[in-house]
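What follows is the residue order along each chain.
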Amino acid sequence: MYSVITVSDSCAAGKGTDTSGPHLVELIKQAFKTDTVNYLLIADDEQLIKQSLIYACDVLKVRAVFTTGGTGFAPSDVTPEATRAIITKEAPQLTLAMTLRSLEKTKFAVLSRAVCGVRNKTLVVNFPGSKKAVGECFQSIVDVLPHVLNLLNESEIERVRETHRKVQAEGDFSVSQEVHHVCPHATGKGGDDRNSPFPMIGVDDALKQILASIPTVQAPRKQLSRVNIPPFRASIKDGYALKSIGGKGMKKVIGYVSAGDPIVQTNFTIDECYKINTGAPVPLHADAVIQVEDTKLVSRENDYEKIVEILTEPTASLDIRSIGSDLRMSEEVFQYQFPLDACQRALLAAIGEKVSVVKLKVAIISTGDELLHPYDVNATADASSSEGKIYDSNTTMLVALVRQCGFTEDQCEIQQRVVKDDFESLKKEIESLTGAVHIIICTGGVSMGDKDFVKPVLKELNYELVFGRVNMKPGKPCTYASSKVTKFFGLPGNPVSAFVTFHLFALPALRQYLATVNETAPKLAKSSLPMITVELLDSKYVLDPRPEYARASVISRNGKLLASITGGQISSRLKSTIEADVLLELPARTESKPCITAGAQLKALVLRSDFISRYE
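Residues numbered from 1 in each chain as written. Predicted model: local features only at pLDDT ≥ 70, side-chain atom pairs only at ≥ 80, totals over all residues. Heavy atoms only, no water.

1. Details of the overall build of the protein chain
Right, so step 1: Across its full length, the protein chain holds 15 helices and 32 strands.
Right, so step 2: Taking all 616 residues of the protein chain together, the buried fraction comes to 48%.
Right, so step 3: Across the protein chain, contacts joining residues at least 24 apart in sequence account for 72% of those joining residues at least 6 apart.
Right, so step 4: Of the roughly 29,300 Å² of accessible surface on the protein chain, a fraction of 52% belongs to carbon and sulfur atoms. (Helix = DSSP H or I, 4+ residues; strand = E, 2+ residues; numbered from the N terminus. Buried < 20%, exposed > 50% of the residue type's maximum accessible area, 1.4 Å probe, protein only. Contact = heavy atoms within 4.5 Å. Areas by Shrake-Rupley, 256 points an atom, 1.4 Å probe, with all protein chains shown as cover.)

As structure tokens, this is what we get:
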């Protein structure tokens with residue numbers, strides 16, 4: 001994973017177009033054979049630059065951060081100062097290499113104050129702000145960058161040694177061919193091999209194991225009606241209630257009946273009728289309603305009709321809803337599906353029944369020492385004064401997603417918390433929730449970092465660790481654990497990974513568990529997201545070694561559904577979810593199929609009911 005940060009007041013304010021940043025993104029993609037390049041455009045503010053660099057290095061843990069802009073002598077050019085403040089080692093020879101290359105083009109290259117260095121295991125490189133200079137500087141160091149990145153990554157020490165052997169044997173050696181990082185997926189041993197000890201399982205298998213761990217009941221819960229609908233004969237039209245044996249012709253209007261009026265019990269002759277409104281009770285001795293459009297007003301007295309002419313021949317039961325024609329007493333209204341939707345609620349109201357639901361109890365947790373509450377005034381002050389801090393977006397997103405998916409307050413009780421990255425704090429929090437809630441959704445702490453304590457805590461609390469890795473992108477470290485009452489979802493901390501894994505794994509479990517606590521059989525076919533077939537609109541997309549769930553928007557063009565991937569798919573780029581209508585199921589890359597192109601037919605999981613962004 002790599003990051004590009006453009007520093008420019010004018011571009012950040014929308015007064016100019018950034019050309020150097022996107023150009024640098026493409027250079028990195030081509031050189032490093034990757035699509036995971038995070039792009040950020042910010043103003044010339046030293047504190048903001050420092051925060052952005054620290055976030056990329058410490059939170060995203062990218063291999064390298066490349067900045068463009070802010071390296072000159074103008075008062076606002078503070079990128080070198082911000083960079084020097086956050087790096088732990090300088091790399092002046094990289095800066096020299098860029099300067100020497102630029103001096104071949106222009107003498108003004110001496111005015112660049114670019115800084116290069118390292119923060120922990122991340123390389124940080126400053127480039128000038130012009131597109132041309134960016135290209136020149138990048139080419140001047142691209143051959144040695146893979147070796148620098150290998151040196152920073154302990155797991156690639158053998159590649160470093162191999163490079164050294166080739167350099168010593170052959171003199172100068174271009175390592176550009178060594179750029180693409182191949183992850184050593186899984187010995188499955190853990191320990192010294194520095195890989196997760198958890199086997200990598202498929203998405204379908206993961207979901208089956210989740211649903212199998214949640215108790216189910218077999219008998220459907222049925223709702224019966226205690227009333228007839230309608231409870232009286234009701235008029236279907238605005239018109240005139242009369243006796244059909246009287247036929248058409250002139251009729252005297254002897255009364256008016258509106259919705260809500262009592263049933264008229266009085267008998268009347270075949271030459272008389274009642275003016276009646278839609279939904280009103282039909283008079284006891286009437287057996288037909290003639291709509292207004294099939295009549296002619298003959299006379300009126302003051303504001304009341306007196307004589308009308310019926311123009312069509314009436315028939316018995318014409319335009320009358322009989323008692324119980326919609327729903328009869330003791331008839332089955334529906335079999336419960338959870339969460340309750342608008343139609344179920346409307347039918348319950350129609351038969352005079354109150355909504356009765358056992359609430360599902362859910363806890364949503366974010367883990368991380370770097371997290372601040374986004375709406376806390378004190379946290380806002382901390383964010384501006386503390387390096388390495390970021391606002392927590394995960395709990396806000398997940399609470400909103402749970403509600404958005406139909407789990408209203410009368411069906412689901414949610415508590416949300418932020419927990420520090422230490423074993424005891426996390427253990428205390430999860431222990432207090434275990435048995436007290438049905439589902440815990442936790443983000444962060446499930447990967448291979450020094451402070452990823454979720455799995456050890458779950459083992460300590462005697463949870464059954466069902467799985468600890470899934471063969472997917474994004475969301476590989478997704479973890480699921482089960483206890484007698486409480487089911488635990490350990491979602492990755494990156495916002496997009498949390499977004500995707502919530503929809504694929506947590507949402508079906510929430511639906512099944514809510515049905516279970518309400519003692520009804522879940523509709524398993526409706527637990528997962530609905531699937532459609534779409535056609536790829538993008539000209540080309542490079543596939544990942546893992547099956548990928550890409551965020552995409554859908555366009556309807558002449559009845560055909562076309563999907564366009566929503567920009568960079570890096571797992572920290574929450575913006576990719578904003579315009580997402582679906583999750584595209586992309587296959588894993590193979591030698592014979594390294595990419596997909598426009599026109600490819602793909603399966604897509606629908607994220608929302610209004611899943612078509614545009615009609616053309």
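Next comes the rest of the account.
2. Some points on the nonpolar core
Right, so step 1: The biggest cluster of nonpolar side chains holds 59 residues, and the ones touching the most others in it are Ile-441, Phe-502 and Phe-505.
Right, so step 2: Counting residues per element, the ones that place at least two in this core are helix H9 (203-212), strand S16 (332-335), strand S17 (360-367), helix H12 (394-404), strand S21 (439-443), strand S22 (464-467), strand S24 (487-491) and helix H15 (495-517).
Right, so step 3: Sort the elements by how many residues they give to this core and H15 lands first, with 15 residues.
Right, so step 4: Core analysis: the next-biggest nonpolar cluster, separate from the first, contains 28 residues, Leu-24, Ile-28, Ala-64 and Val-142 among them. (Core = buried A, V, L, I, M, F, W, Y, C linked by side-chain atoms within 4.5 Å.)

3. Examining the confidence of the model for the protein chain
Right, so step 1: On average, residues of the protein chain carry a pLDDT of 88, and 89% of them reach 70 or more.
Right, so step 2: Low pLDDT, under 50, characterises residues 163-193; the predicted model gives this stretch 45 contacts beyond four residues in sequence or across chains. (pLDDT = per-residue confidence, 0-100.)

4. Some points on the layout of surface pockets
Right, so step 1: Each pocket or cavity is described by its volume, and for the second largest pocket that value is around 590 Å³.
Right, so step 2: The element that contributes the greatest number of residues to the lining of the second largest pocket is H15, accounting for four residues.
Right, so step 3: For the lining of the second largest pocket, the residue count by class is 14 nonpolar, nine polar and six charged. (1 Å grid on protein atoms, 1.4 Å probe; cavity = no way out; pocket = protein on both sides within 12 Å on 5 of 7 lines; lining within 4 Å. Points joined across faces, edges and corners; volume = space filled by probe spheres on them. Nonpolar A, V, L, I, M, F, W, Y, C, P; charged D, E, K, R; others polar.)

5. Overview of the environment of Leu-537
Right, so step 1: Residue position: Leu-537 is located in the loop between strand S25 (531-536) and strand S26 (540-542).
Right, so step 2: A relative accessible area of 30% means that Leu-537 is categorised as partly exposed.
Right, so step 3: Separated by 63 residues in the primary sequence, Leu-537 and Ala-600 place their C-alpha atoms 8.3 Å from one another.
Right, so step 4: Those residues in contact with Leu-537, other than ones at most four positions away along the chain, are Ile-555, Arg-557, Leu-562, Ala-563, Ser-564 and Ala-598.

6. Quick word on the pairing of strand S29 (residues 582-586)
For a regular strand, side chains alternate in direction, first toward one face of the sheet and then toward the other.
Right, so step 1: Extensive coverage of S29 is indicated by the burial of four of its five residues.
Right, so step 2: As paired elements, S29 and strand S31 (residues 601-606) share three bridges and run antiparallel to each other. If you follow Leu-584 over to S31, its bridge partner there is Ala-604. (Pairing = 2+ DSSP bridges.)

7. Some words on unusual backbone geometry
Right, so step 1: The omega angle of the peptide bond from Phe-338 to Pro-339 is 0 degrees, so this bond is cis rather than trans.
Right, so step 2: Relative to the assigned elements, Pro-339 resides in the loop between S16 and helix H10 (342-350).
Right, so step 3: For the bond running from Lys-473 to Pro-474, omega is -10 degrees, close enough to zero to count as cis.
Right, so step 4: With respect to the element layout, Pro-474 can be found in the loop between S22 and strand S23 (479-482).

8. Notes on the packing of helix H5 (residues 92-103) against helix H6 (residues 131-141)
Right, so step 1: With their axes 8 Å apart at the nearest point, H5 and H6 run at an angle of 125 degrees to one another. By the angle class used here, H5 and H6 are oblique. The crossing of H5 and H6 is right-handed. Judged by residue contacts, Leu-94, Ala-97, Met-98, Arg-101 and Ser-102 of H5 engage Glu-136, Cys-137, Gln-139, Ser-140 and Ile-141 from H6. (Axes fitted to C-alpha atoms, helices over the stretch in contact; angles between N-to-C directions. Parallel < 35°, antiparallel > 145°, perpendicular 65-115°, else oblique. Left-handed = near helix turned anticlockwise from the far one by under 90°.)

9. A closer look at H15
Right, so step 1: Where H15 bends most, at Phe-502, the angle is about 50 degrees.
Right, so step 2: Within H15, 23 of the 23 residues are buried, leaving the element largely enclosed by the surrounding structure.
Right, so step 3: Where H15 terminates, the next one or two residues include Glu-519, which has phi positive at roughly 55 degrees. (Bend = angle between axes of the 7 residues up to and from the residue.)

10. Some words on the pattern of salt bridges
Right, so step 1: Evaluated as defined, the whole model comprises 19 salt bridges.
Right, so step 2: Glu-535 is paired through a salt bridge with Lys-560; the nearest N and O atoms lie 3.5 Å apart. Separated by 25 residues along the polypeptide, Glu-535 in strand S25 and Lys-560 in strand S28 (residues 560-565) bring together distant segments of the chain.
Right, so step 3: Overall, the relative accessible area of 18% leaves Glu-535 in the buried class.
Right, so step 4: A relative accessible area of 44% means that Lys-560 is categorised as partly exposed.
Right, so step 5: Residue Arg-546 pairs with Asp-544 through a salt bridge whose shortest N-O separation is 3.7 Å.
Right, so step 6: What makes Asp-544 buried here is its relative accessible area of 14%. (Salt bridge = Lys/Arg side-chain N within 4 Å of Asp/Glu carboxyl O.)

11. Let's talk about the packing of helix H2 (residues 20-32) against H6
Right, so step 1: Packing of H2 against H6 leaves a shortest axis separation of 9 Å and a crossing angle of 25 degrees. When the interaxial angle is binned, H2 and H6 end up roughly parallel. When you trace H2 past H6, the crossing you get is right-handed. Mapping the contact onto sequence places Ser-20, His-23, Leu-24, Leu-27, Ile-28, Ala-31 and Phe-32 in H2 and Lys-131, Val-134, Gly-135, Phe-138 and Gln-139 in H6.
Right, so step 2: Residue composition of the contact of H2 with H6, by class: seven nonpolar, four polar and one charged.

12. Some thoughts on the side chain of Asp-581
Right, so step 1: The topology assignment puts Asp-581 in the loop between S28 and S29.
Right, so step 2: What makes Asp-581 buried here is its relative accessible area of 0%.
Right, so step 3: Side-chain polar atoms of Asp-581 contact the side chain of Ser-613, separated by 2.6 Å.
Right, so step 4: Excluding anything up to four places from it in sequence, Asp-581 contacts Ala-552, Ser-553, Val-554, Leu-605, Val-606, Leu-607, Arg-608, Asp-610, Phe-611, Ile-612 and Ser-613. (Polar contact = N/O pair within 3.5 Å; in protein donor to acceptor, adjacent residues only side chain to side chain.)

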